[in-house]
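Coordinates in review
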Amino acid sequence: MQNGGRSNRRQLLGARARTPRTLAGVLLIAGLITAWTLTTPAKASASGGISGSSLLTSVSCTSMSTCIALGAGGQGWSYDGSAWSSATPVDSSGTLSSVSCATSSFCVAVDYAGQAITFNGTTWSAPKLVDSSGLLSSVSCATSSFCVAVDYAGQAITFNGTTWSAPKLVDSSGLLSSVSCATSSFCVAVDYAGQAITFNGTTWSPPQLMDPFGLLFSSVSCSSSAFCVAVNSYGDEISYNGSAWSTLTRIDPLSGLTAVACVGASCTAVDHFGNYLSYNGSAWSTPTLLDLLGNLNAVSCFSGSSCVAVDSNGNAFLFDVVPATAAAQPPILTPTPASPQQPTSAPTTGPPTPVASPMKPTQTSTTPTSSPVGPAPVSSPSGSAPT
């Protein structure tokens, strides 16, 4: 696949087609000068689910020609390498929270009603209740015969290609926010108490405290059993090398990291303010503006340099990441917060809104489609869209 010279592309999964036009400019945010390229999107009609909903909650890509995006209104869209499909009804009874595709012909979506829906490359199955406690927050499929989903009750369930297991309590603190499986014998889940739990294919480890302040983790992505990255809504990341977690490090001065996706030793994270950051195996880049409207909810990468991100305004962005340089983003050890904010109960519609910041991008150049209040998803390419 040739990536050189391709500009960032944004498509709105919502009404009729428009003629694309490219718009370039420079935006100054908090002293950071960021170059951006914006394409006015094509639109596709939406049907089913919440009327007028354009809040995209999750995305999973296995290649440049195979991506699945989900909306809070129960709709799904597919990308074939050149255009997004029109909306397809996926789940009329629950709010879709996460999707993971192991291959172009196998994906699993979960919702906040405790249901799972499978995709065979052409059609979606009927929703099936797999977790009576509801509130499934994330799913990750390593293969078409192995998936793990987690919920806000601290439970995990596994799929063997045919059936789902009974929910198993793996985190007594509850509020598992994200899971990522690199293989059928290695998964990591993170929670809202700053903890990680690993799975070896048979048993789950006790929760391990990664963050001494107990700050919530919004997403985790594992490309192998020796490399994982987790991010939180305060702009921090922490990595796993197969035996231990690193020190928590501030990489996004704007805070509000919502999702991360890793392929090999490269990762891309997105934040609530429309920026992405890339990791090249040794350093993180500074935030690069991708979405003027902000509210990026999920990201999935099909290579170390090419990703798709989705937002709360119905936009899907196919983009090539700006690689980090050695001096681009020096590590900043996370300071002790004045008052850690740890949730005590599951949100009614999805993960919490990231910490507010005065440096949110100004709405310019495009008119957003209105979107209802809804969940902010988790997803990644290995199991988080795919995760």
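The shown structure was predicted, so the numbers you read here are calculated from the model rather than taken from an experiment. (Residues numbered from 1 in each chain as written. Predicted model: local features only at pLDDT ≥ 70, side-chain atom pairs only at ≥ 80, totals over all residues. Heavy atoms only, no water.)

**Some details on the overall build of the chain**
The helix and strand tally for the chain stands at 0 helices and 31 strands. Buried positions account for 57% of the 387 residues belonging to the chain. Considering only residue pairs separated by 6 or more positions, the chain has 53% of its internal contacts joining residues 24 or more positions apart. Of the roughly 14200 Å² of accessible surface on the chain, 54% is carried by carbon and sulfur atoms. (Helix = DSSP H or I, 4+ residues; strand = E, 2+ residues; numbered from the N terminus. Buried < 20%, exposed > 50% of the residue type's maximum accessible area, 1.4 Å probe, protein only. Contact = heavy atoms within 4.5 Å. Areas by Shrake-Rupley, 256 points an atom, 1.4 Å probe, with all protein chains shown as cover.)

**A few points about the packing of aromatic side chains**
Counted by the stated rule, this structure contains 13 aromatic pairs. With centroids separated by 5.0 Å and ring planes inclined at 40 degrees, the aromatic side chains of Phe159 and Trp164 adopt a geometry described as tilted. Judged by its relative accessible area of 7%, Phe159 falls in the buried class. Ring geometry for Tyr240 against Trp245: centres 5.1 Å apart, planes inclined by 45 degrees, an arrangement best described as tilted. As far as burial versus exposure is concerned, Tyr240 and Trp245 are alike and both buried. (Phe/Tyr/Trp six-rings, centres within 6.5 Å; stacked < 30°, edge-to-face > 60°.)

**Let's talk about the environment of Asp236**
Note that Asp236 resides in strand β22 (residues 236-240). Exposure remark for Asp236: the relative accessible area of 0% places this residue in the buried category. Separated by 12 residues in the primary sequence, Asp236 and Leu248 place their C-alpha atoms 6.3 Å from one another. A polar side-chain atom of Asp236 sits 2.5 Å from a polar atom in the side chain of Arg250. (Polar contact = N/O pair within 3.5 Å; in protein donor to acceptor, adjacent residues only side chain to side chain.)

**Some details on the state of the cysteines**
By the definition in use, this model includes 7 disulfides. Bridging Cys101 to Cys107, the disulfide has an S-S length of 2.0 Å. Handedness here is read from the sign of the S-S torsion; for Cys101 and Cys107, about 105 degrees, the answer is right-handed. Exposure remark for Cys101: the relative accessible area of 4% places this residue in the buried category. The exposure class of Cys107 is buried, given its relative accessible area of 1%. A sulfur-sulfur distance of 2.0 Å marks the disulfide that ties Cys301 to Cys307. Taking the sign of the S-S torsion, 90 degrees for the link of Cys301 and Cys307, the bridge is right-handed. Across the pair, Cys307 and Cys301 agree in class, each one buried. (Disulfide = S-S within 2.5 Å.)

**A closer look at the nonpolar core**
Ranked by size, the top nonpolar core spans 15 residues in total, and within it Val59, Cys61, Cys67, Trp84, Val308 and Val310 carry the most contacts. Element by element, the count of residues in this core is highest for strand β4 (residues 56-63), at 3 residues. When sequence neighbours within four positions are dropped, the list of residues in contact with Val308 reads Val59, Cys61, Cys67, Trp84, Ala298, Val299, Ser300, Phe302, Phe317, Leu318 and Phe319. In terms of nonpolar packing, the next biggest core, distinct from the first, is built from 14 residues, Ala196, Phe217, Tyr240 and Leu248 among them. (Core = buried A, V, L, I, M, F, W, Y, C linked by side-chain atoms within 4.5 Å.)

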